[in-house]
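Here is how the chains run, residue by residue.
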Amino acid sequence: MFKDKKLLSILGLSFISFFSTIWIRKADLMESRNFITAREIIFNNEWLVTTLNGQYRFEKPPLPTWLTAVVMKLSNNFSDEWILRLPVALVSVLLIFFIYRFVQELSNNKNLPFLVSFVATTTFMITKVGGENAWDAYPYIFMFGSITYLLKSINSKSFLNLLFASVLLAASLLSKGPVAIYGMFLPFIISYIWIYKFKKIQENHRQIILYVLIGLILASIWPIAMILENKELFFSVMNKEKNTWTSKHVKSFFFYFNYFYFMGIWIFFSIITFFKKWNLKNSEDNKFFKFGILWSILTFLLLSFVKMKKERYGFPIYVVSSIPIGVILNYYLNSDWNLLKKSDKILFYMQATLITVLSFGSIGLIFWKKPNFYYLTIPFFILLVYLFKDRLIDKKNFKKKVIYLSGFLLLIVNCNLTWIIENEVRNKNNSNLVPLEILQKNNKLFHIYSNDFTIEDVWSVGQDIHFLDNNTVLPEKFYILSKNSKFDLESNYNIEYKETYSRFKDDDDLIYIYKITNNK
């Protein structure tokens, strides 16, 4: 590994890609659930039976939460979200390693592993999901690694590779159940058999069966333990989750056609990859390209058949489609400019225009929102100078510049611009109000009660919020969290003081905490 300079280079770029944005965004609903459950694992010293705000948490398998809890334990940090996103960022870097090794297993082309990994590292949706510590990235990353090492075990007859593949299969199942088997493994196995024929699968069927059995056995330990813990609740939650996939966030079959938009800087190359008829000169590259195209299309179709859809649920489409796009980039890099079709040349001019527009737009946004940080524009100016230097003289070098500068632009935007967009454009909080999440590091001394709180509130206050109703037995001293600026209590209770906080970094969404004492 350490002798492979291309692998080291792409891993270095992936660190920049995934770690440059983990400090920017506020935790959303899914991250809040993960962080709260991890916090309660540490506070309660209970790793097997996970809870959310004191209630059983069976809706999602626990591996992502376990990894988050390990980081909490090691860092002794329960509030800094960028630290708690380290697991997903590290696992995302691992994805790039898996992609690199996967390409090596199916192609002898020395440049392809780097190019395919480079596309994945600089694809917008992959970098976005890879910086959010929810459940969406983990199952597909572990499944991609499992497929990679299954191929390695078949090619090398190594039991160690097979065992590692099974462990990764179990990790995928323990991250979000069977979603990655359906959304990644099934289209992979169909594509592999179709392109590379069934013979190799048939010859290694015992290995594959053993791989599946070991993975299922390892993955079944946690659900069996939860069934023993609370059988009725566990199956009730599973039934609710099953219904959720057909009743919530229901979208059109064509929802994932926004795939091209979320490819980010690779939008033009992704369009031409899927909508142009290709016949590559190298027969091995041609076969690998067809395999990548088929795997991408089948992944797209299978995910589209599922009624419940969100942009981030399309994550495997972006991972898999980096394969055919990488093959096409390799084709262009090894083709003479003068022999390219007019449409191909137009593609490169369009891509150069896109780089130029985005670079000048980024420069303008920095000067508009953060003029004191003018030095952040320097990388964009350097990129533009390098792009157009000798453009009319050296056409071959122009192709190479356009391809690599496309990816580097995404990295520069991640490092220099994303935080400005998030804090100055999307953030609605421009006042001096204290955000509710300040309580994460300043916990209240007594229990907090509420009847109109959200899970994000539970994360923000840094402790459990107890549900308040007419039957709640209240202690002598406690707090009430409420969206109401005025609060009426029974005569035997007294409001000592009221605190006002902004919620979710939004001026228009205020929440109040009342300190209450019992006068009896």
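(A) Expanded view of empty space enclosed by the protein. As enumerated under the stated definition, the model contains one cavity of 30 Å³ or more in all. Quantified by volume, the largest cavity comes out at close to 40 Å³. Lining the largest cavity are L150, L151, I154, F188, I189, Y192, I201 and I208. Those elements that provide at least two residues to the lining of the largest cavity are α8 (137-156) and α10 (179-196). Within the lining of the largest cavity, the residues separate by chemical class into eight nonpolar, no polar and no charged.

(B) Molecular detail of α8. Relative to the 28 Å expected for 20 residues at 1.5 Å per residue, α8 spans 28 Å between its end C-alpha atoms, a close match to the ideal helical length. Judged by how many residues are buried, α8 sits mostly within the fold: 18 of 20 residues are covered. Downstream of α8 by a residue or two, K157 has a phi angle that is positive, lying close to 60 degrees.

(C) Layout of the nonpolar core. Counting residues in hydrophobic clusters, the biggest one holds 132 residues, and the most contacted among them are F102, F188, F288, F291, W295 and Y332. With 13 residues, helix α5 (residues 86-106) is the largest single contributor of residues to this core. What F102 contacts, discounting residues up to four positions off in sequence, is F144, I147, T148, L151, F188, F288, F291, W295 and I323. A69, I448, V461 and I511 belong to the second-largest nonpolar core, a separate cluster that totals 23 residues.

(D) How the structure looks around α5. Across its 21 residues, α5 extends 31 Å between first and last C-alpha, which sits within 8% of the 30 Å expected from 1.5 Å per residue. Within α5, 16 of the 21 residues are buried, which leaves the element mostly enclosed by the surrounding structure.

(E) Spotlight on the pairing of strand β5 (residues 477-482). Taken across its six residues, β5 has five buried, putting it largely inside the fold. Direction of pairing for strand β3 (residues 448-450) relative to β5: parallel, over a ladder of two bridges. Counted as the bridge partner of Y449 is I480 from β5.

(F) Structural view of unusual backbone geometry. A positive phi angle, close to 55 degrees, is found at N53, a residue other than glycine. Position of N53 relative to the elements: it lies in the loop between β1 (51-52) and β2 (55-56). Judged by its relative accessible area of 14%, N53 falls in the buried class. Notably, K197 is not glycine yet its phi reads approximately 75 degrees, a positive angle. Relative to the assigned elements, K197 resides in the loop between α10 and α11 (199-203).

(G) Structural detail: the packing of aromatic side chains. Evaluation of the coordinates by the stated rule reveals 59 aromatic pairs. Taking 6.2 Å as the distance between ring centres and 15 degrees as the angle between the ring planes, the aromatic pair formed by F124 and F262 counts as stacked. A residue pair is termed long-range when its members are at least 10 positions apart, and F124 in helix α7 (residues 124-129) and F262 in helix α14 (residues 259-262) qualify at 138 residues. The class of F124 is partly exposed, set by a relative accessible area of 31%. Taking the relative accessible area as the measure of exposure, F262 reaches 13% and is therefore buried.

(H) Spotlight on the side chain of S166. Considering the arrangement of structural elements, one finds S166 in helix α9 (residues 159-176). For S166, a relative accessible area of 0% corresponds to the buried category. A distance of 2.9 Å separates a polar side-chain atom of S166 from the backbone oxygen of Y211. With sequence-adjacent residues up to four places away left out, S166 is seen in contact with L210, Y211, I214 and G215.

(I) View of the confidence of the model for the protein. Scored by pLDDT, the protein has a mean of 89; 94% of the residues are at 70 or more. For the protein, per-element mean pLDDT is lowest for helix α21 (residues 418-426), which scores 71, and highest for helix α6 (residues 112-121), which scores 97.

Calculation notes
Residues numbered from 1 in each chain as written. Predicted model: local features only at pLDDT ≥ 70, side-chain atom pairs only at ≥ 80, totals over all residues. Heavy atoms only, no water. 1 Å grid on protein atoms, 1.4 Å probe; cavity = no way out; pocket = protein on both sides within 12 Å on 5 of 7 lines; lining within 4 Å. Points joined across faces, edges and corners; volume = space filled by probe spheres on them. Helix = DSSP H or I, 4+ residues; strand = E, 2+ residues; numbered from the N terminus. Nonpolar A, V, L, I, M, F, W, Y, C, P; charged D, E, K, R; others polar. Expected span 1.5 Å × (residues − 1). Buried < 20%, exposed > 50% of the residue type's maximum accessible area, 1.4 Å probe, protein only. Core = buried A, V, L, I, M, F, W, Y, C linked by side-chain atoms within 4.5 Å. Contact = heavy atoms within 4.5 Å. Pairing = 2+ DSSP bridges. Phe/Tyr/Trp six-rings, centres within 6.5 Å; stacked < 30°, edge-to-face > 60°. Polar contact = N/O pair within 3.5 Å; in protein donor to acceptor, adjacent residues only side chain to side chain. pLDDT = per-residue confidence, 0-100.

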